[in-house]
Amino acid sequence: MKKVTLLLAFSAFATAAFAQTTPSTEVKTRDNGTTKVVTKTGKTNTGQAIDNTKDAAGNVAKKTGSAIKRGAKKTTRAVKRGTQKVGNKTVEGTQKMEAKTE
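Keep in mind that this is a model prediction, so the values were computed, not measured.

Draft legend 1. Looking closely at the overall build of the protein chain. From N to C terminus, the protein chain includes two helices and two strands. Ordered by position from N to C terminus, the α and β elements of the protein chain give α-β-β-α. When each of the 102 residues of the protein chain is scored for burial, the buried share is 8%. Nonlocal contacts in the protein chain, meaning residues at least 24 apart in sequence, comprise 38% of its contacts between residues at least 6 apart. Of the accessible surface of the protein chain, which amounts to about 8,900 Å², a share of 61% is contributed by carbon and sulfur atoms.

Draft legend 2. Just the pairing of strand β2 (residues 35–40), in detail. Of the strand pairs in this sheet, strand β1 (residues 24–29) and β2 are connected by six bridges, and their pairing is antiparallel. The partner of Thr29 across the bridge, within β2, is Thr35. Between the antiparallel neighbours β1 and β2 lie five residues, among them Gly33 with a positive phi of about 95°.

Calculation notes
- Residues numbered from 1 in each chain as written.
- Predicted model: local features only at pLDDT ≥ 70, side-chain atom pairs only at ≥ 80, totals over all residues.
- Heavy atoms only, no water.
- Helix = DSSP H or I, 4+ residues; strand = E, 2+ residues; numbered from the N terminus.
- Buried < 20%, exposed > 50% of the residue type's maximum accessible area, 1.4 Å probe, protein only.
- Contact = heavy atoms within 4.5 Å.
- Areas by Shrake-Rupley, 256 points an atom, 1.4 Å probe, with all protein chains shown as cover.
- Pairing = 2+ DSSP bridges.

Next comes the structure, spelled out in structure tokens:
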């Protein structure tokens, strides 16, 4: 679990630097006639890191869910086989007892 957490943290911060969008510049004119230049750079590093971590956590949860589902299927098959073996032994025992009583 420690390795998964470390991997998530590393990938979140490593990709945060690459995820920044190119800045866009807007010029706004106020009511009094003056202008204001606004530069938008997209998400902050922290915001992008949070998004990346959320995505990575979703991927880990999906993989965990799949593993649990596979395990449940394997357990179901094993229980079914075991039940069939016990049932067959019971039938054989019953037939032997009937043969003895006849």
